[in-house]
Amino acid sequence: MTLADLKSIDLLQTRSIAEACNQERGGAETLAYIVQCLNRFYSGDYGEVPPEDTEANNSDLAEGYGHILARYKQAHNLTGDIYIETHIDKDHTGDIDYNNTMIMYPAER
């Protein structure tokens, strides 16, 4: 798989992330920040993860099995850092049970 393939995987978010984006005050900025983080994720910038995790992410991506985990700093209405995590299984493309991307707080993982 490639980074471009990640864009076609179903994207989900937890309720608390959705609530942060839907607040009347600061919600639009929060959503824009999350989209910015997603674009970083899709370009191979995994944020605040150590080099060995970046290596593992890229290895799983190349093999087409496993997961890719990124961490981005708190901003706007977010109550903490966020994770963006994609699970991949190239043998089950299009199946949300095997291939999905979730935006969440670390405690929600």
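Above this note sits the structure.
For clarity, every value in this text was computed on a predicted model and none was experimentally measured.

The rules behind the values
Residues numbered from 1 in each chain as written. Predicted model: local features only at pLDDT ≥ 70, side-chain atom pairs only at ≥ 80, totals over all residues. Heavy atoms only, no water. Salt bridge = Lys/Arg side-chain N within 4 Å of Asp/Glu carboxyl O. Helix = DSSP H or I, 4+ residues; strand = E, 2+ residues; numbered from the N terminus. Buried < 20%, exposed > 50% of the residue type's maximum accessible area, 1.4 Å probe, protein only. Core = buried A, V, L, I, M, F, W, Y, C linked by side-chain atoms within 4.5 Å. Disulfide = S-S within 2.5 Å. Arc of directions from axis to C-beta. Contact = heavy atoms within 4.5 Å. Expected span 1.5 Å × (residues − 1).

**Regarding the pattern of salt bridges**
- Applying the stated criterion to the full structure yields 5 salt bridges.
- The closest approach of N and O atoms between Asp81 and Arg71, which form a salt bridge, is 3.1 Å. Taken together, the residues Asp81 in the loop between β2 (65-72) and β3 (82-89) and Arg71 in strand β2 connect sequence positions 10 residues apart.
- Residue classification places Asp81 among the partly exposed residues on the basis of a relative accessible area of 24%.
- In this structure, Arg109 engages Glu85 in a salt bridge whose closest nitrogen and oxygen atoms are separated by 2.8 Å. Taken as a pair, Arg109 in the segment after β4 (100-104) and Glu85 in strand β3 lie far apart in primary sequence, 24 residues in all.
- The exposure class of Arg109 is exposed, given its relative accessible area of 52%.
- Owing to a relative accessible area of 6%, Glu85 belongs among the buried residues under this scheme.

**Examining the nonpolar core**
- Of all hydrophobic cores here, the largest spans 24 residues; its most connected members are Leu6, Phe41, Tyr72, Leu78 and Ile82.
- Of all the secondary structure elements, the ones that give two or more residues to this core are α2 (15-22), α3 (27-42), β2 and β3.
- No other element matches α3, which puts 6 residues into this core.

**Some details on unusual backbone geometry**
- Phi at His76 takes a positive value of approximately 55°, unusual for a residue other than glycine.
- Turning to its location among the elements, His76 is positioned in the loop between β2 and β3.

**What about the state of the cysteines?**
- Taken as a whole and assessed by the stated rule, the structure comprises 0 disulfides.
- Counting only cysteine sulfurs, Cys37 is the nearest neighbor of Cys21, a cysteine outside any disulfide, at a range of 10 Å.
- Using a relative accessible area of 12% as the deciding quantity, one classes Cys21 as buried.
- Classification of Cys37 by relative accessible area gives buried; the value is 0%.

**Quick notes on α2**
- For α2, the set of buried residues is Ile17, Ala18, Ala20 and Cys21. Along the axis of α2, the buried positions cluster into a sector of 160°, meaning they face one direction only. For α2, exposure combined with an orientation more than 90 degrees from the buried face picks out Arg15 and Asn22.
- Looking at the buried residues of α2, the elements they touch are β1 (11-13), α3, β3 and β4.

**Observations concerning α3**
- Compared with the 22 Å implied by 1.5 Å per residue over 16 residues, the 22 Å span of α3 between its first and last C-alpha is a close match.
- When α3 is considered as a whole, its buried residues turn out to be Gly27, Thr30, Tyr33, Ile34, Cys37, Leu38, Phe41 and Tyr42.
- Packed against the buried residues of α3 are α1 (3-6), β1, α2, β2, β3 and β4.
- Downstream of α3 by a residue or two, Gly44 has a phi angle that is positive, lying close to 95°.

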